[in-house]
Amino acid sequence: GYFDHIVYTEELGREHWKPSPVGFEKMAEALDCVYEHCVYVGDNPKKDFIAPNRLGWATIQIETAQGVHRHLASNAAGSPDRVLSHFSELATTFLK
């Protein structure tokens, strides 16, 4: 009830897991959304942001003190556009 569409990359096959762009392309197609209007929120800078960055999506990393991936550094292709410390910051990020 919270989402209009969900893409399970597990169902697409291992070759389409992140950082493959296929799941992101399927999501944009299902929502009839141009890439420039898409936003991806994730927590793993090693793989989460590579494909959406290449597709032109906005990318946001949620980096919490207790997060599983909090000690990982991103590579150049995997750097998010913004880093937030809590999900609650998402609302104020997009209401500006």
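Structure: above.
Residues numbered from 1 in each chain as written. Predicted model: local features only at pLDDT ≥ 70, side-chain atom pairs only at ≥ 80, totals over all residues. Heavy atoms only, no water.

Quick notes on unusual backbone geometry
Step number 1: Following Lys18, the chain continues into Pro19 via a peptide bond in cis, with omega recorded as 15°.
Step number 2: Along the chain, Pro19 falls in the loop between helix H1 (9–12) and helix H2 (22–30).
Step number 3: Positioned with a positive phi, Asp32 is a non-glycine residue whose angle comes to about 50°.
Step number 4: By the secondary structure assignment, Asp32 is in the loop between H2 and strand E1 (39–42).
Step number 5: Asp32 gets classed as exposed once you look at its relative accessible area, which sits at 73%. (Helix = DSSP H or I, 4+ residues; strand = E, 2+ residues; numbered from the N terminus. Buried < 20%, exposed > 50% of the residue type's maximum accessible area, 1.4 Å probe, protein only.)

Some thoughts on the pattern of salt bridges
Step number 1: Taken as a whole and judged by the stated rule, the model has one salt bridge.
Step number 2: Salt-bridge contacts for Asp48 lead to Lys18; the nearest nitrogen and oxygen are separated by 2.8 Å. Pair noted here: Asp48 is in the loop between E1 and helix H3 (50–55) and Lys18 is in the loop between H1 and H2, with a separation of 30 residues, a long-range link.
Step number 3: Judged by its relative accessible area of 31%, Lys18 falls in the partly exposed class. (Salt bridge = Lys/Arg side-chain N within 4 Å of Asp/Glu carboxyl O.)

Overview of the nonpolar core
Step number 1: With nine residues, the main nonpolar core is built from Phe24, Met27, Ala28, Cys38, Tyr40, Phe49, Ala51, Leu55 and Trp57.
Step number 2: Within the residue set of this core, elements represented by two or more residues are H2 and H3.
Step number 3: With three residues, H2 is the largest single contributor of residues to this core.
Step number 4: With residues up to four places along the chain from it excluded, the contact list for Tyr40 reads Lys18, Phe24, Asp48, Phe49, Pro52, Trp57, Ala58, Thr59 and Ile60. (Core = buried A, V, L, I, M, F, W, Y, C linked by side-chain atoms within 4.5 Å. Contact = heavy atoms within 4.5 Å.)

Observations concerning the layout of surface pockets
Step number 1: When its volume is computed, the largest pocket comes out at roughly 690 Å³.
Step number 2: If you go around the largest pocket, you meet 21 residues; those closest to its centre are His5, Val7, Met27, Tyr40 and Trp57.
Step number 3: Breaking the lining of the largest pocket down by element, the ones donating at least two residues are H2 and E1.
Step number 4: At four residues, H2 tops the list of elements feeding residues into the lining of the largest pocket.
Step number 5: For the lining of the largest pocket, the residue count by class is 15 nonpolar, four polar and two charged. (1 Å grid on protein atoms, 1.4 Å probe; cavity = no way out; pocket = protein on both sides within 12 Å on 5 of 7 lines; lining within 4 Å. Points joined across faces, edges and corners; volume = space filled by probe spheres on them. Nonpolar A, V, L, I, M, F, W, Y, C, P; charged D, E, K, R; others polar.)

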